[in-house]
Amino acid sequence: MELFVAQALNGLIIGLLYALIAIGLSLIFSVLKIVNFAHGECYMMGAFVSYYFSTLFGINPMLSVFLSMLVVFLLGVVIQYLFLRPLYTGAVERKDEYAILITFGLGVFLQNVAMSVFGPWTKKSPDFISGITRIGFMTVDNNRLAVSGVALLIMVALLVIIGKTFVGKALRAVSQDRDASAIVGINPHRMNILAFGIGVALAGGAGGLIGPIFLISPVMGILPGIKSFVIIVLGGMGSIKGAIIGSLLLGEIESLGSVFFLDPTRGLAYKNAFGVLLLAIVLLLKPTGLFGEKHVRME
Amino acid sequence: MRRYLLTVIVAVMVGVAIPLLLRAYWLHVAIMALFYALLASSWTMLAGFAGQFSFATMALAGIGSYTSALLAIKFHLPMWLGIISGALMAALVGLLIAVLVLRMSGPYLALFTIAFSELVRITLNAEYQFTRGDMGLTVPHLYATISKVPYYFTILILLACSLLIMGLLLRSRYGLFFRAIREHEEAASAMGVNIVRYKIMAFVISSFFAGLAGGFFAHYVGTLTPNSIMEIPRMGLVIAMSVIGGIESLAGAVAGAILVEFLQEYLRELEMWRFVIFGLALVLILRFSQNGLLYPIYQRLAAKRVEALSESAA
């Protein structure tokens, strides 16, 4: 029972981080109508930028997470402007193919840049808050508590921005109908830039937050990238609430599944396979996701 | 037709002359270049012609290589038979994938195949009592000599046969069906193209050649680890080769693979930076020249030739 509760709590914390990454991916999908195959690499960039802010410049680790979000936001703006903008100006034929290949290529590029600049070795970011806290019969690493608190904070802030502000309304309008929102005076190009920037910044923030809990490395983004695809497929492409539900679900499935697997000695080895298997099954049974609407094809 | 014959003859002569000119190290590079050429051309057939953007090529090559290696180790099957069984196994798995992804398009297909690749890689790593996982599976070599020349000719012949088969297929009406499916599935279907049959066909044939390349790789290199062959970045390298060469041409894929593999060795002192260069080249070429780098050059040369011919005729 204790093991179950401890694992469930672990799953919840990991689920919150997945949620940050997946909301970003979902936001990008709903506004730009593309799947960002470089999303995991943006998460990785966030982790390294935050690591270097706090170790090289001695900035407070928590503050450097927010600074890294800003850096990744700017990176996203540049990527969107240089490589994704042609999708919306009519400069590319076969947009689906272009969007897949260009984001995948950017992912490979970022990963190789990280290999060259940061080196292939794993690193560990400084603690947010050291020590442990006792809750009932369990002990929890303070870092994990801080991480889940901040992740929750960022998530709520984002939901408020999307739901309550004018910019959020404009983003939702563009995601529903590009042309109609252009007619009422919303600049869809600007919303593309904003959505892509915020989307990758969320992934970058998750990367910065994971630094003190797990090790960071240039290849760290591949699996979370795939998992965030799993999540948004589970939750329905483009739905933010679905992304949150899907993330918490996947976090729990992974951390409970690896302990209560049929063959516990191998559970850990297959931990990362659960999510992928889930993705394969969901795509097979309901190619548009559990809660998703019809796939929006790019025109 | 005469020009084609001439090109083929020149290509064969260059291919045969290469082992005489290169030292063992560069011969190894040449062998790897031809191995990648086979993978890149099989991906080009599936993605460039049939429009099915699958990321599972390396995983299928991995399935081919592990099938062949395990058959040789556990059942002492002759290696040639093993390589063919590996290719058939890959084709079978390709058939399975094709049937499963029939309803998916674009990003969903890409997601599914990435997920599939990771599943294969994780499983092969986890079942280490069969595959020895990351410790590496030692595989018998195809030939008893340490010379690389026989391997070179083996992969050269494999590549030539595969290119011939794929080339003939793509030049036939089936190639037209593939392209029709890529351009517009519904329209193709309305014109009477059986899209289910030809999508499956493209997947199976492409997977067969990926498995063939994988089987050769296993018995050439002699050690297999799931990560070395099936990593997503390696898939990225194959795609980069195909895109640099020109995504709609088998010859382009081969040229791209040879160019990238040789550059990669030539620029070895740049260490990881050369992959940064390839990554950058991939996105820039996609952005600014969607027909690739080599194909437009070839087209321009061909256009000049036609001009010169028509001038001399006039």
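Visitor: Help me out: how do you make sense of the overall build of chain A in this one?
Guide: A count of helices and strands for chain A gives 13 helices and two strands. Taking 2.2 N^0.38 as the reference for a compact globule, 299 residues should give roughly 19 Å; the C-alpha atoms of chain A span a radius of gyration of 19 Å, in line with that estimate. For chain A, the spread of C-alpha atoms along the three principal axes comes to 60 × 50 × 40 Å. Across the 299 residues that make up chain A, the buried fraction comes to 54%. If you take every contact in chain A between residues at least 6 apart in sequence, the share linking residues at least 24 apart comes to 75%.

Visitor: How should I be thinking about the environment of Phe217 of chain B in this particular structure?
Guide: Residue and element names in this part refer to chain B. Inspection of the secondary structure assignment puts Phe217 in helix H10 (residues 195-221). For Phe217, a count of 29 C-beta atoms within 10 Å translates into the label buried. Sequence-distant contacts of Phe217, that is, excluding residues within four places in its chain, are made with Phe35, Ala61, Ser65 and Ile229.

Visitor: Whenever I open this one, the confidence of the model for chain A confuses me. Can you help?
Guide: The predicted structure's coordinates, where accompanied by low pLDDT, should not be read in detail. Summary statistics for chain A give a mean pLDDT of 81 and a share of 92% for residues scoring 70 or more. Counting contacts from residues 295-299 of chain A, a segment whose pLDDT is below 50, to residues more than four positions away or on other chains yields six contacts.

Visitor: I tried to follow the interface of chain A and chain B on my own but got confused; where do I start?
Guide: For an interface, size is often stated in terms of accessible area lost upon the parts coming together. Taken together, the contact pairs 34 residues of chain A with 33 residues of chain B. Put simply, the parts of the chain that give the side of chain A that touches chain B at least two residues each are helix H5 (95-118), helix H10 (222-235) and helix H13 (271-285) of chain A. Tallying contributions element by element places H5 of chain A first for the side of chain A that touches chain B, with 16 residues. Residue classes in the side of chain A that touches chain B are distributed as 26 nonpolar, five polar and three charged.

Visitor: I tried to follow the confidence of the model for chain B on my own but got confused; where do I start?
Guide: Looking at chain B, the pLDDT average stands at 82 and 98% of residues meet or exceed 70. Interface scoring of the predicted complex returns ipTM 0.82; its pTM is 0.85.

Visitor: Would you mind going over the nonpolar core with me for this structure?
Guide: For soluble globular proteins, the rule of thumb is that nonpolar side chains tend to be buried together. Counting residues in hydrophobic clusters, the biggest one holds 204 residues, and the most contacted among them are Leu17, Ile23 and Leu279 of chain A together with Phe35, Ala37 and Leu111 of chain B. In this structure Leu17 of chain A touches Val147, Ala151, Ala206, Leu209 and Ile210 of chain A, once residues within four positions along its chain are discounted.

Visitor: Even after reading the chapter, I still don't get the environment of Ile28 of chain A, so can you show me in this structure?
Guide: Residues and elements named next belong to chain A. Here Ile28 is to be found in helix H1 (residues 2-32). Looking at Ile28, the number of C-beta atoms within 10 Å reads 30, which means it is buried. It is 7.8 Å that separates the C-alpha atoms of Ile28 and Gly238, two residues lying 210 residues apart in sequence. Not counting residues within four places of it along the chain, the set of residues in contact with Ile28 comprises Ile34, Asn36, Ala195, Phe196 and Gly199.

Visitor: Looking at this structure, I do not really get H1 of chain A. What am I missing?
Guide: Each α-helix turn comprises 3.6 residues. Residues three or four places apart therefore point the same way. Residues and elements named next belong to chain A. With 31 residues, H1 ought to run about 45 Å at 1.5 Å a step, and its terminal C-alpha atoms sit 44 Å apart, in line with that. Across the 31 residues that make up H1, a large majority, 22, are buried. Where H1 ends, the next residue or the one after it, Lys33, has phi of about 60°, a positive value.

Calculation rules
- Position numbers for residues count from 1 along each chain, tracking the sequence in the order it is written.
- Going through the entries in the order they are written, you letter the chains from A and number the ligands from 1.
- Owing to the predicted nature of the model, reporting of local features is limited to residues with pLDDT of at least 70; listing and counting of side-chain atom pairs is limited to 80 or more, with chain, interface and lining totals taken over all residues.
- Put simply, DSSP H or I for four residues or longer makes a helix, DSSP E for two residues or longer makes a strand, and each gets a number counted from the N terminus.
- We compute the radius of gyration over the C-alpha atoms and compare it with the globule rule, which gives 2.2 Å times the number of residues raised to the power 0.38.
- Exposure in this text rests on C-beta crowding, where 20 or more other C-beta atoms within 10 Å of a residue's own make it buried, 12 or fewer make it exposed, and counts in between make it partly exposed. The C-beta atoms are placed from the backbone.
- By the convention adopted here, residues make contact when the C-beta atoms placed from their backbones lie within 7 Å.
- Scored from 0 to 100, pLDDT records how confident the predictor is in each individual residue.
- Nonpolar residues are Ala, Val, Leu, Ile, Met, Phe, Trp, Tyr, Cys and Pro. Charged residues are Asp, Glu, Lys and Arg, and all others, Gly as well, are polar.
- To form a nonpolar core, buried Ala, Val, Leu, Ile, Met, Phe, Trp, Tyr and Cys residues must be joined through C-beta atoms within 7 Å.
- Helix span, expected: 1.5 Å multiplied by one less than the number of residues in the helix.

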